[in-house]
Amino acid sequence: MTSRLEDLLATAERQFAARSYDAAIDSYRTALGEPYAAEAGVAELLAKATRSRDEARGVAPAEMPAVAVEEAPPLPACEEPAPTAVIAPVAERIVEEKPIAPPTFQLLQSDRDYAEQQDADLRLEVEKLSILNPSAPPESTDQLASARLIVALVIAAAVFAVAVLLK
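Residues numbered from 1 in each chain as written. Predicted model: local features only at pLDDT ≥ 70, side-chain atom pairs only at ≥ 80, totals over all residues. Heavy atoms only, no water.

Draft legend 1. Structural detail: the nonpolar core. L5, L8, L9, A12, A24, I25, Y28, A31, A37, V42, L46 and A49 together form the largest nonpolar core, which totals 12 residues. Of all elements in the fold, only α1 (2-17), α2 (21-32) and α4 (42-57) reach the threshold of two or more residues within this core. Not counting chain neighbours up to four residues away, the residues in contact with A31 comprise L5, L8, L9, A37 and V42. (Core = buried A, V, L, I, M, F, W, Y, C linked by side-chain atoms within 4.5 Å. Buried < 20%, exposed > 50% of the residue type's maximum accessible area, 1.4 Å probe, protein only. Helix = DSSP H or I, 4+ residues; strand = E, 2+ residues; numbered from the N terminus. Contact = heavy atoms within 4.5 Å.)

Here you go:
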């Protein structure tokens, strides 16, 4: 078991010497989980590697001012606080807070309208034949066919008249 700890410490020392501080810190953290890590002083080595990394990054170690901590008065030994007394104020505060609504996005047209428009654009005028009735549907009659015929005859007559006059 100590061989794994020794390997981790040797690896961390090489990484620390190569100024690969993050890798060394990871190796020291892994070594903390091994047996006999406390006797080998892994915690102190980890703190040293962390300080060296911070100094290399230009982070000054923050000096924590001594703050007097007020101790809470001890609870009476015979009474234990009721769990609902602690939970009730927290529950009231949670109920008072409104849940945050998820974001919504307004589209220019609804999805259904867009799908209907796409379907209308993609429809082709195809004969709809039935298996039961294989005959083709009746052809649509052109209402302007006679007017087109008359206009074509007038143009042909005008062209013929111009040709006769030019000869």
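Draft legend 2. Fine view of unusual backbone geometry. One non-glycine residue with positive phi stands out, namely R19, at about 60 degrees. Mapped onto the fold, R19 is located in the loop between α1 and α2. R19 sits in the exposed class, given a relative accessible area of 66%. The backbone of Y36 sits at a positive phi, close to 70 degrees, despite the residue not being glycine. Here Y36 shows up in the loop between α2 and α3 (37-40). When its relative accessible area of 53% is taken as the criterion, Y36 is described as exposed.

Draft legend 3. Structural context of the confidence of the model for the protein chain. Scored by pLDDT, the protein chain comes out at a mean of 76, with 60% of its residues at no less than 70. For the protein chain, helix α5 (residues 83-96) is the element with the lowest average pLDDT, namely 55, and helix α7 (residues 145-166) is the one with the highest, namely 94. (pLDDT = per-residue confidence, 0-100.)

Draft legend 4. Region of the structure containing α2. Compared with the 16 Å implied by 1.5 Å per residue over 12 residues, the 16 Å span of α2 between its first and last C-alpha is a close match. All of the buried residues along α2 are Y21, A24, I25, S27, Y28 and A31. Seen along its axis, α2 keeps its buried residues to an arc of 160 degrees; they face one direction. (Expected span 1.5 Å × (residues − 1). Arc of directions from axis to C-beta.)

Draft legend 5. Examining the side chain of R53 more closely. Relative to the assigned elements, R53 resides in helix α4. A distance of 3.3 Å separates a polar atom in the side chain of R53 from a polar atom in the side chain of D22. Apart from the residues lying within four places of it in its own chain, the contact partners of R53 are Y21, D22 and I25. (Polar contact = N/O pair within 3.5 Å; in protein donor to acceptor, adjacent residues only side chain to side chain.)

Draft legend 6. Region of the structure containing the pattern of salt bridges. Considering all chains together, one arrives at 4 salt bridges under this definition. R4 serves as the salt-bridge partner of E34, at 2.9 Å between the closest nitrogen and oxygen. Here E34 is found in the loop between α2 and α3, whereas its partner R4 is found in helix α1, with 30 residues between them in sequence. By relative accessible area, E34 is classed as buried at 15%. Under the relative-accessibility criterion, R4 is labelled partly exposed at 43%. With a shortest N-O distance of 3.1 Å, R57 and D22 are connected by a salt bridge. (Salt bridge = Lys/Arg side-chain N within 4 Å of Asp/Glu carboxyl O.)

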